[in-house]
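Residue strings, one per chain:
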Amino acid sequence: DWDVIRFGPGGRPLVEEDWHVLRGEWKLEDGVWTTQADVEHILIWKVPTAGAYRFVVEGCVSVTGELSLIGCGPSPTAARTRHYEGYCYQVGADFMTTTKLARHAHDIMVCPGLTPKPGVWHRLEFSYEEDWLRCYFDGKLIFTYREVFPLAGKHVGFYAYGVNTRLRPLEYHQKSGDLMVRAIRVADDLYRMEARDAAFRRYNLIAARHSQRPEG
């Protein structure tokens, strides 16, 4: 069961007050965020995520650039040294030569040759559920990645380098709450809160009792 927020007419209004510029310069016009300078840009949605979610957007580059989504990212008030925390799904990275998935600014998966077409609107999706990340481009699954140690970041957003990169939020899906919580999720939450000893005790218990399952 998913709760869905749709941005724009008939849904949630897209307003500047709901977003925070961590780096660079962005302009919101007609439901589209556009970069305004030939520098690095990071834009964060102020609403925090909780549990499983999907973030769906459309993006377009004019001549060159990349279309990049941030997941499990930094808070709007993060210190400058923490602006690159979280995941960054980058289509058209490294001067329009490749697509990659980065974790805390370190590349972890690469798909050479996949780039956006200038002047064409593309659909991107980043999903996070049960510590599995999935990245889609125009409906095609590009990356699947399993996170071993869950990240603490709880925000989604955009990353871009250069001028006139356009990104339009379409939908945000949040999995509805459930009173039954998985044992490994409790351990994950303790780990995120840096209660390491308590988390590892629960991880070890799960590993001992469920060694034949992927969680174990």
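In this text, all values refer to a predicted model and were calculated from it rather than measured experimentally. (Residues numbered from 1 in each chain as written. Predicted model: local features only at pLDDT ≥ 70, side-chain atom pairs only at ≥ 80, totals over all residues. Heavy atoms only, no water.)

A. Quick peek at the nonpolar core. Counting residues in each nonpolar core, the largest one holds 35 residues, and the members touching the most others are Trp19, Tyr87, Tyr89, Phe126 and Phe158. Here the element with the most residues in this core is strand E6 (residues 53-61); it accounts for four residues. If sequence neighbours within four positions are ignored, Phe126 has contacts with Tyr53, Arg54, Phe55, Leu69, Gly71, Tyr87, Tyr89, Leu133, Arg134 and Cys135. Counting eight residues, the second-largest nonpolar core is a separate cluster that includes Ala187, Leu190, Ala198 and Tyr203. (Core = buried A, V, L, I, M, F, W, Y, C linked by side-chain atoms within 4.5 Å. Buried < 20%, exposed > 50% of the residue type's maximum accessible area, 1.4 Å probe, protein only. Helix = DSSP H or I, 4+ residues; strand = E, 2+ residues; numbered from the N terminus. Contact = heavy atoms within 4.5 Å.)

B. Examining the layout of surface pockets more closely. As a volume, the second largest pocket reaches approximately 510 Å³. In terms of lining, the second largest pocket is formed by 28 residues, of which the most central are Glu66, Gln90, Asp94, Tyr159 and Tyr161. Only strand E8 (87-92), helix H1 (93-96), strand E9 (98-103) and strand E14 (155-161) provide two or more residues apiece to the lining of the second largest pocket. Within the lining of the second largest pocket, the residues separate by chemical class into 13 nonpolar, eight polar and seven charged. (1 Å grid on protein atoms, 1.4 Å probe; cavity = no way out; pocket = protein on both sides within 12 Å on 5 of 7 lines; lining within 4 Å. Points joined across faces, edges and corners; volume = space filled by probe spheres on them. Nonpolar A, V, L, I, M, F, W, Y, C, P; charged D, E, K, R; others polar.)

C. How the structure looks around the packing of helix H2 (residues 183-192) against helix H3 (residues 196-209). At a minimum axis separation of 8 Å, H2 and H3 run at an interaxial angle of 155°. Here H2 is positioned roughly antiparallel relative to H3, judged by the angle of their axes. Relative to H3, H2 is oriented so that their crossing is left-handed. In this structure, H2 uses Ala183, Ile184, Val186, Ala187, Asp188, Leu190 and Tyr191 to contact H3, whose residues at the interface are Arg196, Ala198, Ala199, Phe200, Arg202, Tyr203 and Ile206. For the contact of H2 with H3, a count of residues per class yields 11 nonpolar, no polar and three charged. (Axes fitted to C-alpha atoms, helices over the stretch in contact; angles between N-to-C directions. Parallel < 35°, antiparallel > 145°, perpendicular 65-115°, else oblique. Left-handed = near helix turned anticlockwise from the far one by under 90°.)

D. Structural view of the sheet that holds strand E10 (residues 106-112). Here seven strands make up an open sheet; going across it, the order is E2-E5-E14-E7-E8-E9-E10 and the pairing antiparallel. Taken across any chain shown, the strands that pair with only one partner, and hence form the sheet edges, are strand E2 (19-23) and E10. Across the sheet, the axes of successive neighbouring strands diverge by a mean angle of 20°, strand direction being ignored. (Pairing = 2+ DSSP bridges.)

E. Up close: the side chain of Gln90. Relative to the helices and strands, Gln90 resides in strand E8. A distance of 2.9 Å separates a polar atom in the side chain of Gln90 from a polar atom in the side chain of Glu66. Among residues more than four places away in sequence, those in contact with Gln90 are Glu66, Leu67, Ser68, Thr98, Thr99, Lys100, Ala102 and Tyr159. (Polar contact = N/O pair within 3.5 Å; in protein donor to acceptor, adjacent residues only side chain to side chain.)

F. Focus on the pattern of salt bridges. Scanning the entire structure with this criterion turns up 12 salt bridges. Between Glu129 and Lys175 there is a salt bridge, and its shortest N-O distance comes to 2.8 Å. Taken as a pair, Glu129 in strand E11 (residues 122-129) and Lys175 in strand E15 (residues 165-175) lie far apart in primary sequence, 46 residues in all. Residue classification places Glu129 among the partly exposed residues on the basis of a relative accessible area of 24%. Residue Lys175 is classed as partly exposed on the basis of its relative accessible area, which comes to 33%. By sharing partners, the salt bridges in this structure join Asp94, Lys100 and Asp107 into a single network. (Salt bridge = Lys/Arg side-chain N within 4 Å of Asp/Glu carboxyl O.)

G. Here's a closer look at the pairing of strand E7 (residues 67-73). In terms of burial, E7 is a largely internal element, seven of the seven residues being buried. Pairing geometry for E7 and E8, over five bridges, is antiparallel. Note that in E8 the partner of Ser68 across the bridge is Gln90. Bridge count between E7 and E14: four bridges; the pairing is antiparallel. Note that in E14 the partner of Leu69 across the bridge is Phe158.

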